Amino acid sequence: MYHKKLDDFPKDFLWGAASAAYQIEGGYDADGKGASVWDNFTKIPGKTFEGTNGDVAVDHYNRYKEDVKLMADMGLKAYRFSVSWSRILPEGTGEINEAGLLFYENLIDELNKNHIEPVLTLYHWDIPQALQDKYNGWESRQVIEDFDTYARVLFERFKDKVKYWVSFNEQNVFTAMGYRWEAHPPSIPDVKKMFEANHIINLANAKAINSFHEIVPDGMIGPSFGYGPMYAFDCDPENVLAELNGEEFQNHWWLDVYIHGKYPKVTFKHLDRLGIAPTIEEGDLALLQSAKPDFLGVNYYHGGTVRANEIERPMEKEEADLEKSFEATDPYLMKPKDEQAQSPETMMFTNVNNPYLEKTAWGWEIDPVGIRIALRRLQNRYDIPMMITENGLGAYDELTDDKRVEDDYRIEYLKTHVEEIQKAITDGVDLIGYCAWSFTDLLSWLNGYKKRYGFVYIDRDEYSEKNLERIPKKSYYWYKKVIETNGREL
Ligand code: BG6
(Lines give C-alpha, C1' and ligand atoms only; values in the text may rest on other atoms or scores of the structure.)
Protein backbone atom coordinates (compact mmCIF):
# COMPACT_ATOMS: atom_id res chain seq x y z
CA MET A 1 0.00 0.00 0.00
CA TYR A 2 1.33 3.42 -0.89
CA HIS A 3 0.71 6.27 1.57
CA LYS A 4 1.19 9.91 0.64
CA LYS A 5 1.37 10.84 4.27
CA LEU A 6 2.26 8.54 7.13
CA ASP A 7 0.35 8.46 10.42
CA ASP A 8 2.20 9.69 13.49
CA PHE A 9 3.29 7.07 15.99
CA PRO A 10 0.66 6.68 18.73
CA LYS A 11 1.04 9.27 21.50
CA ASP A 12 2.00 6.73 24.17
CA PHE A 13 4.09 4.51 21.88
CA LEU A 14 6.60 2.51 23.92
CA TRP A 15 10.02 3.32 22.49
CA GLY A 16 12.15 0.74 24.21
CA ALA A 17 15.19 -1.48 24.26
CA ALA A 18 15.65 -5.06 25.42
CA SER A 19 18.03 -7.49 27.11
CA ALA A 20 18.07 -10.92 28.76
CA ALA A 21 19.33 -11.94 32.21
CA TYR A 22 22.12 -14.32 31.23
CA GLN A 23 23.43 -11.97 28.59
CA ILE A 24 23.91 -8.96 30.86
CA GLU A 25 23.72 -9.69 34.58
CA GLY A 26 26.80 -11.62 35.59
CA GLY A 27 26.68 -12.36 39.34
CA TYR A 28 26.15 -15.98 38.33
CA ASP A 29 26.26 -17.22 41.92
CA ALA A 30 25.69 -13.97 43.79
CA ASP A 31 23.39 -13.74 46.79
CA GLY A 32 22.15 -17.31 46.71
CA LYS A 33 21.49 -17.68 42.97
CA GLY A 34 21.36 -21.31 41.77
CA ALA A 35 22.93 -22.46 38.50
CA SER A 36 20.96 -22.38 35.28
CA VAL A 37 21.57 -24.69 32.34
CA TRP A 38 23.48 -21.87 30.64
CA ASP A 39 25.87 -21.50 33.59
CA ASN A 40 26.93 -25.08 32.98
CA PHE A 41 26.62 -25.34 29.22
CA THR A 42 29.00 -22.46 28.53
CA LYS A 43 31.68 -24.24 30.57
CA ILE A 44 31.71 -27.25 28.20
CA PRO A 45 34.75 -26.77 25.95
CA GLY A 46 33.93 -25.82 22.38
CA LYS A 47 30.34 -24.79 22.94
CA THR A 48 30.71 -21.00 22.73
CA PHE A 49 33.02 -18.60 20.90
CA GLU A 50 36.37 -18.55 22.71
CA GLY A 51 34.69 -20.23 25.67
CA THR A 52 32.82 -17.06 26.66
CA ASN A 53 30.24 -17.25 29.42
CA GLY A 54 27.94 -15.02 31.42
CA ASP A 55 29.73 -15.28 34.79
CA VAL A 56 30.37 -11.54 34.69
CA ALA A 57 28.72 -10.62 31.39
CA VAL A 58 28.42 -6.82 31.45
CA ASP A 59 28.00 -6.78 35.22
CA HIS A 60 24.51 -5.31 35.11
CA TYR A 61 23.83 -7.05 38.43
CA ASN A 62 26.13 -4.57 40.12
CA ARG A 63 25.72 -1.64 37.74
CA TYR A 64 21.99 -1.59 37.09
CA LYS A 65 21.64 1.92 38.53
CA GLU A 66 24.20 3.29 36.13
CA ASP A 67 22.45 1.49 33.26
CA VAL A 68 19.02 2.83 34.20
CA LYS A 69 20.51 6.32 34.46
CA LEU A 70 21.71 5.98 30.85
CA MET A 71 18.22 4.83 29.85
CA ALA A 72 16.66 7.79 31.60
CA ASP A 73 19.08 10.24 29.97
CA MET A 74 18.12 8.77 26.63
CA GLY A 75 14.44 9.23 27.40
CA LEU A 76 13.66 5.52 26.98
CA LYS A 77 9.95 4.75 27.50
CA ALA A 78 10.23 1.00 28.05
CA TYR A 79 12.88 -1.49 29.05
CA ARG A 80 12.47 -5.19 28.44
CA PHE A 81 14.55 -7.51 30.63
CA SER A 82 14.24 -11.09 31.80
CA VAL A 83 14.25 -12.63 35.24
CA SER A 84 16.58 -15.50 35.94
CA TRP A 85 14.43 -18.29 37.41
CA SER A 86 17.30 -19.70 39.45
CA ARG A 87 17.88 -16.32 41.11
CA ILE A 88 14.34 -16.53 42.50
CA LEU A 89 14.18 -20.29 43.12
CA PRO A 90 17.75 -21.63 43.21
CA GLU A 91 16.50 -25.21 43.01
CA GLY A 92 13.81 -24.33 40.49
CA THR A 93 11.14 -25.01 43.05
CA GLY A 94 10.85 -24.92 46.83
CA GLU A 95 12.57 -22.19 48.77
CA ILE A 96 12.35 -18.62 47.51
CA ASN A 97 15.55 -16.57 47.47
CA GLU A 98 14.50 -13.16 48.77
CA ALA A 99 17.79 -11.56 47.69
CA GLY A 100 17.06 -12.54 44.09
CA LEU A 101 13.59 -11.01 44.22
CA LEU A 102 15.03 -7.89 45.76
CA PHE A 103 17.46 -7.39 42.90
CA TYR A 104 14.60 -7.28 40.40
CA GLU A 105 12.46 -5.20 42.72
CA ASN A 106 15.21 -2.59 42.97
CA LEU A 107 15.62 -2.60 39.21
CA ILE A 108 11.88 -2.21 38.66
CA ASP A 109 11.66 0.59 41.24
CA GLU A 110 14.54 2.37 39.59
CA LEU A 111 12.82 2.08 36.19
CA ASN A 112 9.48 3.29 37.49
CA LYS A 113 11.10 6.17 39.31
CA ASN A 114 12.52 7.25 35.95
CA HIS A 115 9.20 6.77 34.12
CA ILE A 116 10.50 3.81 32.14
CA GLU A 117 7.87 1.10 31.67
CA PRO A 118 9.31 -2.28 32.76
CA VAL A 119 8.56 -5.16 30.37
CA LEU A 120 9.34 -8.31 32.29
CA THR A 121 10.16 -11.59 30.51
CA LEU A 122 9.63 -14.67 32.66
CA TYR A 123 11.79 -16.99 30.62
CA HIS A 124 14.69 -16.18 28.33
CA TRP A 125 16.25 -19.65 28.02
CA ASP A 126 17.82 -20.20 31.46
CA ILE A 127 15.93 -23.02 33.17
CA PRO A 128 17.43 -23.96 36.55
CA GLN A 129 20.01 -26.73 36.25
CA ALA A 130 18.36 -28.44 39.23
CA LEU A 131 15.22 -29.07 37.16
CA GLN A 132 17.24 -30.28 34.21
CA ASP A 133 18.93 -32.78 36.51
CA LYS A 134 15.74 -33.76 38.32
CA TYR A 135 13.44 -34.50 35.37
CA ASN A 136 15.07 -33.29 32.13
CA GLY A 137 13.57 -29.83 32.31
CA TRP A 138 11.05 -29.13 29.57
CA GLU A 139 10.68 -32.83 28.77
CA SER A 140 8.63 -33.55 31.88
CA ARG A 141 5.08 -32.43 32.57
CA GLN A 142 6.12 -31.65 36.14
CA VAL A 143 7.70 -28.47 34.79
CA ILE A 144 4.26 -27.05 33.95
CA GLU A 145 3.44 -26.86 37.65
CA ASP A 146 6.91 -25.65 38.62
CA PHE A 147 6.96 -22.91 36.01
CA ASP A 148 3.55 -21.78 37.16
CA THR A 149 4.73 -21.60 40.77
CA TYR A 150 7.73 -19.50 39.71
CA ALA A 151 5.55 -17.22 37.58
CA ARG A 152 3.07 -16.77 40.43
CA VAL A 153 5.84 -15.65 42.77
CA LEU A 154 6.68 -12.87 40.31
CA PHE A 155 3.05 -11.98 39.55
CA GLU A 156 2.29 -11.62 43.26
CA ARG A 157 5.38 -9.61 44.02
CA PHE A 158 5.30 -7.24 41.05
CA LYS A 159 1.60 -7.04 40.16
CA ASP A 160 1.42 -3.37 41.17
CA LYS A 161 4.72 -2.40 39.61
CA VAL A 162 4.84 -4.09 36.21
CA LYS A 163 2.11 -3.84 33.60
CA TYR A 164 3.71 -5.60 30.58
CA TRP A 165 4.90 -9.20 30.84
CA VAL A 166 6.38 -11.61 28.32
CA SER A 167 5.89 -15.30 29.09
CA PHE A 168 8.40 -17.13 26.86
CA ASN A 169 11.10 -15.69 24.65
CA GLU A 170 11.40 -17.34 21.24
CA GLN A 171 10.11 -20.79 22.09
CA ASN A 172 10.66 -21.73 18.44
CA VAL A 173 14.35 -20.86 18.72
CA PHE A 174 15.27 -22.40 22.04
CA THR A 175 13.50 -25.70 21.35
CA ALA A 176 15.16 -26.05 17.93
CA MET A 177 18.59 -24.97 19.19
CA GLY A 178 18.33 -27.29 22.19
CA TYR A 179 16.81 -30.38 20.57
CA ARG A 180 17.75 -30.22 16.90
CA TRP A 181 20.95 -28.35 16.36
CA GLU A 182 22.78 -29.18 19.61
CA ALA A 183 23.71 -25.51 19.83
CA HIS A 184 22.01 -24.72 23.13
CA PRO A 185 21.37 -26.79 26.23
CA PRO A 186 20.28 -29.53 26.67
CA SER A 187 21.98 -30.23 23.35
CA ILE A 188 20.07 -33.40 22.46
CA PRO A 189 19.60 -34.05 18.73
CA ASP A 190 16.15 -35.63 18.78
CA VAL A 191 13.33 -34.08 16.79
CA LYS A 192 10.64 -36.16 18.45
CA LYS A 193 11.78 -34.89 21.84
CA MET A 194 11.75 -31.37 20.48
CA PHE A 195 8.09 -31.55 19.56
CA GLU A 196 7.20 -33.25 22.85
CA ALA A 197 9.06 -30.64 24.91
CA ASN A 198 7.59 -27.87 22.80
CA HIS A 199 4.08 -29.10 23.57
CA ILE A 200 4.85 -29.12 27.27
CA ILE A 201 6.13 -25.54 27.01
CA ASN A 202 2.86 -24.59 25.28
CA LEU A 203 0.99 -25.99 28.27
CA ALA A 204 3.27 -24.17 30.71
CA ASN A 205 2.70 -20.97 28.76
CA ALA A 206 -1.07 -21.39 28.87
CA LYS A 207 -1.17 -22.20 32.58
CA ALA A 208 1.00 -19.20 33.47
CA ILE A 209 -1.13 -16.88 31.33
CA ASN A 210 -4.24 -18.06 33.16
CA SER A 211 -2.55 -17.47 36.52
CA PHE A 212 -1.55 -14.02 35.36
CA HIS A 213 -5.11 -13.07 34.50
CA GLU A 214 -6.22 -14.21 37.92
CA ILE A 215 -3.50 -12.28 39.79
CA VAL A 216 -2.80 -9.26 37.54
CA PRO A 217 -6.16 -8.53 35.86
CA ASP A 218 -5.09 -5.07 34.67
CA GLY A 219 -1.77 -6.17 33.20
CA MET A 220 -0.91 -7.47 29.75
CA ILE A 221 0.94 -10.69 28.99
CA GLY A 222 2.00 -12.48 25.83
CA PRO A 223 4.78 -14.65 24.42
CA SER A 224 7.58 -13.18 22.29
CA PHE A 225 7.89 -15.14 19.11
CA GLY A 226 10.88 -15.13 16.78
CA TYR A 227 8.95 -14.42 13.60
CA GLY A 228 10.46 -14.61 10.16
CA PRO A 229 8.03 -14.21 7.27
CA MET A 230 8.45 -16.79 4.50
CA TYR A 231 8.79 -15.72 0.89
CA ALA A 232 8.22 -17.89 -2.17
CA PHE A 233 11.27 -17.89 -4.41
CA ASP A 234 9.05 -17.00 -7.39
CA CYS A 235 5.49 -17.39 -8.64
CA ASP A 236 5.82 -21.02 -9.70
CA PRO A 237 2.76 -22.43 -7.91
CA GLU A 238 4.92 -25.24 -6.51
CA ASN A 239 7.06 -22.60 -4.81
CA VAL A 240 4.01 -20.75 -3.54
CA LEU A 241 2.88 -24.00 -1.99
CA ALA A 242 6.31 -24.39 -0.43
CA GLU A 243 5.93 -20.92 1.08
CA LEU A 244 2.59 -21.95 2.56
CA ASN A 245 4.23 -25.03 4.04
CA GLY A 246 7.14 -22.99 5.39
CA GLU A 247 4.92 -20.39 7.01
CA GLU A 248 2.87 -23.08 8.70
CA PHE A 249 5.78 -25.26 9.81
CA GLN A 250 8.05 -22.43 10.98
CA ASN A 251 5.52 -19.97 12.33
CA HIS A 252 1.88 -21.02 12.61
CA TRP A 253 2.96 -24.17 14.44
CA TRP A 254 3.59 -21.93 17.45
CA LEU A 255 1.43 -18.90 16.80
CA ASP A 256 -1.84 -20.77 16.17
CA VAL A 257 -1.38 -22.49 19.53
CA TYR A 258 -0.68 -19.22 21.34
CA ILE A 259 -3.62 -17.36 19.88
CA HIS A 260 -6.19 -20.04 18.98
CA GLY A 261 -5.12 -22.91 21.22
CA LYS A 262 -4.76 -25.42 18.38
CA TYR A 263 -2.11 -26.83 16.10
CA PRO A 264 -2.32 -26.22 12.35
CA LYS A 265 -3.86 -29.33 10.78
CA VAL A 266 -1.59 -29.87 7.79
CA THR A 267 1.64 -29.75 9.76
CA PHE A 268 0.20 -31.88 12.55
CA LYS A 269 -0.81 -34.55 10.06
CA HIS A 270 2.61 -34.42 8.45
CA LEU A 271 4.42 -34.84 11.76
CA ASP A 272 2.01 -37.57 12.78
CA ARG A 273 2.80 -39.56 9.63
CA LEU A 274 6.47 -39.32 10.49
CA GLY A 275 5.80 -40.43 14.06
CA ILE A 276 7.03 -37.18 15.64
CA ALA A 277 3.81 -35.32 16.45
CA PRO A 278 3.52 -34.38 20.13
CA THR A 279 1.47 -36.51 22.49
CA ILE A 280 -1.77 -34.69 23.26
CA GLU A 281 -3.32 -35.83 26.51
CA GLU A 282 -6.88 -35.33 27.64
CA GLY A 283 -7.42 -31.78 28.79
CA ASP A 284 -4.42 -30.37 26.91
CA LEU A 285 -6.39 -28.67 24.17
CA ALA A 286 -8.89 -27.27 26.66
CA LEU A 287 -6.01 -25.71 28.61
CA LEU A 288 -4.44 -24.28 25.45
CA GLN A 289 -7.75 -22.81 24.36
CA SER A 290 -8.51 -21.29 27.74
CA ALA A 291 -5.42 -19.05 27.76
CA LYS A 292 -5.60 -15.88 25.69
CA PRO A 293 -2.56 -13.62 25.46
CA ASP A 294 -3.24 -9.88 25.65
CA PHE A 295 -0.61 -9.04 23.08
CA LEU A 296 1.91 -10.77 20.90
CA GLY A 297 5.60 -9.98 21.26
CA VAL A 298 7.39 -10.11 17.92
CA ASN A 299 11.14 -10.54 17.63
CA TYR A 300 12.10 -9.67 14.09
CA TYR A 301 15.53 -10.08 12.55
CA HIS A 302 14.85 -11.61 9.13
CA GLY A 303 12.62 -14.04 7.27
CA GLY A 304 13.41 -16.82 4.82
CA THR A 305 12.93 -17.68 1.18
CA VAL A 306 11.83 -21.12 0.06
CA ARG A 307 11.10 -23.21 -2.97
CA ALA A 308 9.65 -26.64 -3.50
CA ASN A 309 12.01 -29.43 -2.73
CA GLU A 310 12.98 -31.46 -5.77
CA ILE A 311 11.87 -34.63 -4.10
CA GLU A 312 8.30 -33.39 -4.17
CA ARG A 313 8.41 -33.50 -7.95
CA PRO A 314 7.24 -36.67 -9.75
CA MET A 315 9.78 -39.44 -9.50
CA GLU A 316 11.58 -41.09 -12.38
CA LYS A 317 10.46 -44.65 -12.97
CA GLU A 318 13.58 -46.29 -11.49
CA GLU A 319 13.27 -44.16 -8.41
CA ALA A 320 9.65 -45.11 -8.04
CA ASP A 321 10.56 -48.79 -8.31
CA LEU A 322 13.16 -48.33 -5.64
CA GLU A 323 10.57 -46.72 -3.41
CA LYS A 324 8.52 -49.86 -3.41
CA SER A 325 11.14 -51.45 -1.23
CA PHE A 326 10.16 -49.03 1.53
CA GLU A 327 6.39 -48.75 1.42
CA ALA A 328 4.34 -50.39 -1.26
CA THR A 329 1.78 -47.67 -1.79
CA ASP A 330 2.82 -44.57 0.03
CA PRO A 331 4.67 -42.14 -2.24
CA TYR A 332 4.98 -39.94 0.82
CA LEU A 333 7.88 -42.00 1.99
CA MET A 334 10.87 -41.17 -0.14
CA LYS A 335 13.36 -42.24 2.49
CA PRO A 336 12.95 -44.49 5.52
CA LYS A 337 10.57 -42.84 7.95
CA ASP A 338 13.04 -42.37 10.78
CA GLU A 339 15.50 -40.62 8.48
CA GLN A 340 12.79 -38.29 7.24
CA ALA A 341 11.69 -37.59 10.76
CA GLN A 342 15.05 -35.98 11.43
CA SER A 343 14.26 -33.27 8.89
CA PRO A 344 10.50 -33.07 8.60
CA GLU A 345 10.58 -29.95 6.43
CA THR A 346 12.29 -31.75 3.56
CA MET A 347 8.92 -32.78 2.16
CA MET A 348 7.51 -29.30 2.58
CA PHE A 349 10.07 -26.77 1.34
CA THR A 350 13.74 -26.04 0.95
CA ASN A 351 15.51 -22.82 1.99
CA VAL A 352 17.19 -20.78 -0.72
CA ASN A 353 19.11 -17.55 -0.94
CA ASN A 354 17.18 -14.33 -1.55
CA PRO A 355 18.98 -12.45 -4.31
CA TYR A 356 17.36 -9.11 -3.33
CA LEU A 357 18.75 -8.89 0.19
CA GLU A 358 22.11 -7.85 1.63
CA LYS A 359 23.47 -9.66 4.67
CA THR A 360 25.10 -8.69 7.97
CA ALA A 361 28.66 -9.73 8.81
CA TRP A 362 27.10 -12.84 10.39
CA GLY A 363 25.09 -13.71 7.28
CA TRP A 364 21.68 -12.56 8.54
CA GLU A 365 19.53 -11.00 5.82
CA ILE A 366 18.81 -7.29 6.17
CA ASP A 367 15.18 -6.87 5.24
CA PRO A 368 13.37 -3.79 6.59
CA VAL A 369 10.30 -4.31 4.40
CA GLY A 370 10.07 -7.74 5.98
CA ILE A 371 9.13 -6.18 9.32
CA ARG A 372 6.12 -4.53 7.68
CA ILE A 373 5.21 -7.79 5.98
CA ALA A 374 5.57 -9.56 9.32
CA LEU A 375 3.31 -7.12 11.14
CA ARG A 376 0.74 -7.15 8.34
CA ARG A 377 0.58 -10.93 8.17
CA LEU A 378 0.30 -11.26 11.93
CA GLN A 379 -2.37 -8.56 12.21
CA ASN A 380 -4.28 -10.22 9.44
CA ARG A 381 -4.17 -13.73 10.86
CA TYR A 382 -4.32 -13.07 14.60
CA ASP A 383 -5.82 -9.62 15.02
CA ILE A 384 -4.16 -8.93 18.37
CA PRO A 385 -2.15 -5.95 19.66
CA MET A 386 1.57 -6.43 19.06
CA MET A 387 4.85 -5.18 20.44
CA ILE A 388 8.17 -5.53 18.65
CA THR A 389 10.13 -7.03 21.52
CA GLU A 390 13.43 -7.37 19.60
CA ASN A 391 14.96 -5.97 16.43
CA GLY A 392 18.53 -4.90 15.85
CA LEU A 393 21.85 -5.29 14.11
CA GLY A 394 24.72 -7.44 15.34
CA ALA A 395 27.93 -5.82 14.10
CA TYR A 396 31.62 -5.32 14.85
CA ASP A 397 31.98 -1.91 16.49
CA GLU A 398 35.18 0.03 16.83
CA LEU A 399 36.01 2.23 19.78
CA THR A 400 38.14 5.18 18.71
CA ASP A 401 41.03 6.46 20.83
CA ASP A 402 38.87 9.33 22.00
CA LYS A 403 36.14 6.85 23.00
CA ARG A 404 33.55 7.20 20.30
CA VAL A 405 31.64 4.58 18.35
CA GLU A 406 30.45 5.86 14.98
CA ASP A 407 27.87 3.18 14.24
CA ASP A 408 26.13 4.77 11.26
CA TYR A 409 25.41 1.28 9.89
CA ARG A 410 23.31 0.54 13.01
CA ILE A 411 21.45 3.83 12.69
CA GLU A 412 20.72 2.99 9.06
CA TYR A 413 19.47 -0.46 10.02
CA LEU A 414 17.19 0.79 12.79
CA LYS A 415 15.99 3.80 10.84
CA THR A 416 14.89 1.75 7.84
CA HIS A 417 13.10 -0.72 10.09
CA VAL A 418 11.33 2.00 12.06
CA GLU A 419 10.22 3.63 8.80
CA GLU A 420 8.62 0.37 7.72
CA ILE A 421 6.97 0.06 11.13
CA GLN A 422 5.46 3.50 10.66
CA LYS A 423 4.09 2.37 7.32
CA ALA A 424 2.63 -0.72 8.99
CA ILE A 425 0.95 1.48 11.61
CA THR A 426 -0.40 3.67 8.82
CA ASP A 427 -1.71 0.50 7.12
CA GLY A 428 -3.69 -0.22 10.29
CA VAL A 429 -1.48 -2.49 12.38
CA ASP A 430 -2.06 -2.29 16.14
CA LEU A 431 1.46 -1.84 17.52
CA ILE A 432 2.02 -0.70 21.09
CA GLY A 433 5.80 -0.48 21.18
CA TYR A 434 9.21 -1.16 19.71
CA CYS A 435 12.09 -2.57 21.74
CA ALA A 436 15.39 -2.47 19.91
CA TRP A 437 17.84 -5.23 20.69
CA SER A 438 19.73 -4.21 22.76
CA PHE A 439 20.27 -1.38 25.22
CA THR A 440 23.88 -2.08 26.17
CA ASP A 441 26.20 -4.45 24.37
CA LEU A 442 25.86 -7.90 25.83
CA LEU A 443 26.96 -11.51 25.57
CA SER A 444 25.81 -13.05 22.31
CA TRP A 445 24.97 -16.63 23.34
CA LEU A 446 27.35 -18.27 20.90
CA ASN A 447 29.33 -15.33 19.51
CA GLY A 448 30.97 -13.86 22.57
CA TYR A 449 31.26 -10.08 22.87
CA LYS A 450 32.39 -9.15 19.39
CA LYS A 451 28.90 -9.31 17.87
CA ARG A 452 27.53 -6.11 19.33
CA TYR A 453 23.95 -4.87 19.30
CA GLY A 454 23.80 -2.11 21.90
CA PHE A 455 23.17 1.62 21.92
CA VAL A 456 25.78 1.68 24.66
CA TYR A 457 29.23 0.24 24.11
CA ILE A 458 30.64 -1.90 26.90
CA ASP A 459 34.38 -1.86 27.13
CA ARG A 460 35.14 -5.54 27.44
CA ASP A 461 35.94 -8.41 25.09
CA GLU A 462 36.26 -12.19 25.11
CA TYR A 463 39.67 -12.12 26.70
CA SER A 464 39.34 -9.49 29.38
CA GLU A 465 36.64 -7.78 31.37
CA LYS A 466 38.72 -4.62 31.15
CA ASN A 467 36.87 -1.88 33.02
CA LEU A 468 33.35 -2.56 31.72
CA GLU A 469 32.98 1.13 31.05
CA ARG A 470 29.68 2.27 29.48
CA ILE A 471 30.11 4.49 26.40
CA PRO A 472 27.05 5.73 24.50
CA LYS A 473 27.44 5.16 20.74
CA LYS A 474 26.31 7.51 17.99
CA SER A 475 23.12 5.40 17.69
CA TYR A 476 22.33 6.23 21.34
CA TYR A 477 21.97 9.92 20.46
CA TRP A 478 20.07 9.10 17.29
CA TYR A 479 17.50 7.02 19.21
CA LYS A 480 17.25 9.72 21.89
CA LYS A 481 16.11 12.12 19.18
CA VAL A 482 13.68 9.58 17.74
CA ILE A 483 12.08 9.19 21.16
CA GLU A 484 12.04 12.93 21.83
CA THR A 485 10.20 13.59 18.56
CA ASN A 486 8.02 10.46 18.87
CA GLY A 487 9.44 9.17 15.60
CA ARG A 488 8.99 12.37 13.60
CA GLU A 489 12.76 12.71 13.19
CA LEU A 490 14.33 9.49 12.06
C1 BG6 B 1 17.33 -13.48 19.71
C2 BG6 B 1 17.46 -13.70 21.20
O3 BG6 B 1 17.07 -14.70 19.12
O4 BG6 B 1 18.45 -13.04 19.03
C5 BG6 B 1 18.53 -12.86 21.87
O6 BG6 B 1 16.22 -13.53 21.83
C7 BG6 B 1 19.77 -12.87 21.01
O8 BG6 B 1 18.74 -13.34 23.16
C9 BG6 B 1 19.42 -12.23 19.67
O10 BG6 B 1 20.88 -12.25 21.57
C11 BG6 B 1 20.61 -12.09 18.76
O12 BG6 B 1 21.23 -13.31 18.57
P13 BG6 B 1 22.78 -13.44 18.44
O14 BG6 B 1 23.04 -14.87 18.19
O15 BG6 B 1 23.16 -12.60 17.29
O16 BG6 B 1 23.33 -12.95 19.71
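Rules behind the numbers
- Residues numbered from 1 in each chain as written.
- Predicted model: local features only at pLDDT ≥ 70, side-chain atom pairs only at ≥ 80, totals over all residues.
- Heavy atoms only, no water.
- UniProt positions renumbered as here; feature names shortened; annotations may be inferred.
- Near = heavy atom within 4 Å.
- Polar contact = N/O pair within 3.5 Å; in protein donor to acceptor, adjacent residues only side chain to side chain.
- Areas by Shrake-Rupley, 256 points an atom, 1.4 Å probe, with all protein chains shown as cover.
- Nonpolar A, V, L, I, M, F, W, Y, C, P; charged D, E, K, R; others polar.
- Pairing = 2+ DSSP bridges.
- Helix = DSSP H or I, 4+ residues; strand = E, 2+ residues; numbered from the N terminus.
- Axes fitted to C-alpha atoms, helices over the stretch in contact; angles between N-to-C directions.
- Contact = heavy atoms within 4.5 Å.

Per an unreviewed UniProt entry, the chain carries the name 6-phospho-beta-glucosidase and comes from Saliterribacillus persicus. Note on the chain: under the UniProt heading Sequence similarities (unreviewed entry), the record states "Belongs to the glycosyl hydrolase 1 family."

A.B. asks: Just give me the short version of the site of the ligand, but keep the residues and values in it.
C.D. replies: Around the ligand, the structure places 14 residues, and the nearest of them are Gln23, Glu170, Ser444, Lys451 and Tyr453. In this structure, an oxygen atom belonging to the ligand sits 3.0 Å away from a side-chain N or O atom of asparagine 169. Residue tryptophan 445 places a side-chain N or O atom 2.8 Å away from an oxygen atom belonging to the ligand. Burial of the ligand by the protein amounts to 91% of the accessible area it has alone, namely 380 Å². Partitioned by chemical class, the residues of the shell around the ligand number six nonpolar, five polar and three charged.

A.B. asks: Can you break down the sheet that holds strand β4 (residues 164-169) residue by residue, with the values?
C.D. replies: The sheet built from eight strands closes into a barrel, its strands ordered β1-β2-β3-β4-β5-β7-β12-β13 with parallel pairing. Going from strand to strand, the sheet's axes swing by 25° on average, the running direction of each strand aside. Across four bridges, strand β7 (residues 296-299) lies against strand β12 (residues 386-390) in parallel orientation. Opposite leucine 296, over in β12, you have methionine 386 as the bridge partner.

A.B. asks: Can you explain the environment of phenylalanine 174? Please cite residues and give values.
C.D. replies: As for its placement among the helices and strands, phenylalanine 174 is situated in helix α8 (residues 171-179). Between the alpha carbons of phenylalanine 174 and tryptophan 437 there is a distance of 17 Å; along the sequence they are 263 residues apart. When residues no more than four places from it in sequence are discounted, the contact partners of phenylalanine 174 are Tyr123, Trp125, Trp138, Phe168, Asn169 and Ile201.

A.B. asks: Which residues make up unusual backbone geometry, and what values do they have?
C.D. replies: Working note: non-glycine residues mostly have negative phi, and peptide bonds are mostly trans. Omega for the peptide link from proline 185 to proline 186 comes to 5°, which places this bond in the cis form. Tracing the backbone shows proline 186 in the loop between α8 and α9 (191-215). With omega at 15°, the peptide bond leading from tryptophan 437 into serine 438 counts as cis. Relative to the assigned elements, serine 438 resides in the loop between β13 (431-437) and β14 (456-458). Look at glutamate 170: it is not a glycine, yet its phi comes out positive at around 45°.

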